[in-house]
Each structure stands twice: as C-alpha cells, then as structure tokens.
Amino acid sequence: MTDVTDGVLHTLFRSEQGGHEQVVLCQDRASGLKAVIALHSTALGPALGGTRFYPYASDEEAVADALNLSRGMSYKNALAGLDHGGGKAVIIGDPEQIKTEELLLAYGRFVASLGGRYVTACDVGTYVADMDVVARACRWTTGRSPENGGAGDSSVLTAFGVFQGMRASAQHQWGDPSLHGRTVGVAGVGKVGRHLVDHLLQDGANVVITDVRDESVRAITDRHPQVAAVADSEALIRTEGLDVYAPCALGGALDDTTVPVLTASVVCGAANNQLAHPGVEKDLADRGILYAPDYVVNAGGVIQVADELHGFDFERCRAKAAKIFDTTFAIFARAKEDGIPPAAAADRIAEHRMAEARRT
C-alpha cells in the first residue's frame, strides 16, 4: 500500500471511524502481501480478531473495513466477557489467486512484530490451515488445527452462539425460547450457516435458505430434504410467513431497501456489521422488528479462539457460548428500560466495561 491518501488519513485521525490505538499498513513485495492491521482498543487486554482475505476494490475500502471490523471486535469481546480488546486485519487480494505459504508467513511476521498486542485468527477467506502457516511465524495465532495445538474450526461455536441469541430473541418476542414451528430464513449457509441450520432443525423450526454458491445450497438440501431454498436474499426477506431472518454472509444486509420489505419480526444472524448505517436500527424498531446485535450473538467463535490461549477445552467454551442467551436477553431488557434500540443498549454495556477497565 504505497498510496495512502489524504482520504485514508482523514478516516484514521478525524472521522467518526477513527479513534483507534494503532493501525499498521503492511507490505511484503516478495510475496505480494498488502495488509492492514487495526487495533481499536487494548483496554481489556490484547486485541483479538480474525484476518479477512478479500479482493477489495481499493486500499481505502480495505482500511475502512479493518477499522469497522476492529471496532466491532472491541464491543464483541467486551460483551462476551473476554479479557481482550478489539483488533482485525485484512489482507488485500483474491485468496484464490494470490494466497501462498510465503505470503502467509510474511503476514505472520508482521503480526509478531506487534509483540502480542494483537492476536489473530480466521475470518472470511482464511481457514484453519492458513492459521497453521501463520503460526509458524507468529505465536500470537489462534484458530489453528488440533494437530498444531489449536481448537480447529470456530464456526461450530459461532453457530451455537447465534442459535442461543435466536432463542433469547424468541423468548423476548413471543414468550417462548423454542423455535419449534417458526420459519427461519438463513442467508448464507457456508461455514457458520450450515451449522445453524442443524440447530434450527433439531429445535423443530421450518428452515428456508439461500446462498450465492449453488453447491452450498445443494449440500444442505441433499442432507435435509425438508429445507426449502430460494433464489437469493431478495426473495428470502420477502418470504411469506417468515418469523426470523438470519443474515450469515457478508455485512450490510439490512439497509434502506431491505428493511421496508422484510417480512420477519426478528433479525438474528452471524454476519458482522449487518446494519448498513446507524439509521437502519431505528427503521427496524419503527417496524416492530427485533434486532439481535450481531456482535453479541456471533461471539461464540471468538470465545473459542480466546480459549486456545489457555489450553482449549470445548465444553468450557460451549458453556461460555451458552451464556449468549442471557447476555442477549439482558440487552433486550436494557433497551426496553432505556427506551432505545437493542444495538444502542449493547453499545452502552460494552462501553461501560471498557471505560471501567481504562479507569483501573
């Protein structure tokens, strides 16, 4: 990244997206690595968050994504009760085209240069095998395979946590935590969404799915013929009789176009940054749609990778992820008490914990 523009510097230092402790621009010409590591806060402990590998349209877009995602991790880790701040990294480029062992090792060296201020893990475009390579150059790496001292795929507990958040949403909205007989639409049935579908079916829900990858849809419908599939997210959000909408792909699923036509009365999914802009939160509330803050309900994965640093124990992590039900339900109660949307209530609780940590 040789052309850091005034626009990027304005974002870092003077816009509402700023306020980060540290942003590192990384380049390794030999491997082709271009990356951004953003540390939003270390008030609660070392920043923890995954590495996204994505073909951004511009360097500015990559920086903005790293800033937004790292801020979200600060709030997510705070509400998950972890002793970690928020950080995130993005590697710029198509992983199908440029991902190599040399590039991942170069990236690991940059993470290691931060001396433990940032702990990385998997995200969109990176996998357990990639973290095994990164770990060869950096000991502050989680999301590794069990063979290499890690916990493996974190999507299992991410999906479990989202399911707990959905149960809390059902309890608040309908007075019963069961999804039995409810119709749930899952947009994105990849690493997390496919596990979420399993939980929903076990609970007796009717499930409708969509995904940009036909093979991902077929993998679900072949295994579960009772699951219905629709062409795309536009069709899913308009599904008649939909009770819950679960965005489980990339962010920005809730915007000025989708919210007015959404048939569900609950939104609870695994995707990060689901709200396209802050005003969407009020639009959902005005329509009587209950929104479970994404960074609260999708914290199961970060709970798992954080546990790797202390010797991974699946049952211990599952017990922590089960508490996402309680956290989500408490946020709804706080929102009702304060007369604010749930995402604002969640922010207040997280900000209070971070502020308390800074004072001590």
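Report follows, based on the coordinates. (Residues numbered from 1 in each chain as written. Predicted model: local features only at pLDDT ≥ 70, side-chain atom pairs only at ≥ 80, totals over all residues. Heavy atoms only, no water.)

The helix and strand tally for the protein stands at 15 helices and 12 strands. Its C-alpha radius of gyration of 20 Å places the protein within 12% of the 21 Å reference for a compact globule of 360 residues. Counting only C-alpha atoms and orienting by the principal axes, one finds that the protein spans roughly 55 × 50 × 40 Å. When each of the 360 residues of the protein is scored for burial, the buried share is 54%. The contacts in the protein between residues at least 6 apart in sequence include a share of 66% that link residues at least 24 apart. (Helix = DSSP H or I, 4+ residues; strand = E, 2+ residues; numbered from the N terminus. Rg over C-alpha atoms; globule rule 2.2 N^0.38 Å. Buried < 20%, exposed > 50% of the residue type's maximum accessible area, 1.4 Å probe, protein only. Contact = heavy atoms within 4.5 Å.)

As a further point, take the packing of aromatic side chains. If you walk through the whole model with that rule in mind, you get four aromatic pairs. Between the aromatic rings of Y54 and Y56, the centroid separation amounts to 5.1 Å while the plane-to-plane angle is 70°, which identifies the pairing as edge-to-face. A ring pair is formed by F312 and F314, whose centres lie 6.4 Å apart and whose planes are at 70°; its orientation type is edge-to-face. Given a relative accessible area of 28%, F312 falls into the partly exposed group. One Lys or Arg, R182, reaches over the ring of W174 and ends 3.9 Å from the middle of that ring. (Phe/Tyr/Trp six-rings, centres within 6.5 Å; stacked < 30°, edge-to-face > 60°. Lys NZ or Arg CZ within 6 Å of the ring centre and 35° of its normal.)

As a further point, take the sheet that holds strand β10 (residues 244-247). Spatial strand order, β9-β8-β7-β10-β11-β12: six strands in an open sheet with parallel pairing. At either end of the open sheet lies a strand with only one pairing partner, and these are β9 (228-229) and β12 (290-291). The sheet strands contacting helix α7 (residues 193-202) are β7 (183-187), β8 (206-210) and β10, and the helix crosses β7 at an angle near 170°. (Pairing = 2+ DSSP bridges. Axes fitted to C-alpha atoms, helices over the stretch in contact; angles between N-to-C directions.)

In terms of nonpolar packing, the biggest core is built from 38 residues, with L33, I37, I91, Y107, Y118 and V302 touching the most fellow members. Counting residues per element, this core draws most heavily on helix α4 (residues 101-112), at six residues. When neighbours within four sequence positions are excluded, V302 is seen to be in contact with L48, M73, K76, N77 and L82. One finds M166, V197, V244 and L290 within the second-largest nonpolar core, a separate group that totals 30 residues. (Core = buried A, V, L, I, M, F, W, Y, C linked by side-chain atoms within 4.5 Å.)

Geometric descriptors of this kind do not, in isolation, establish any biological role.
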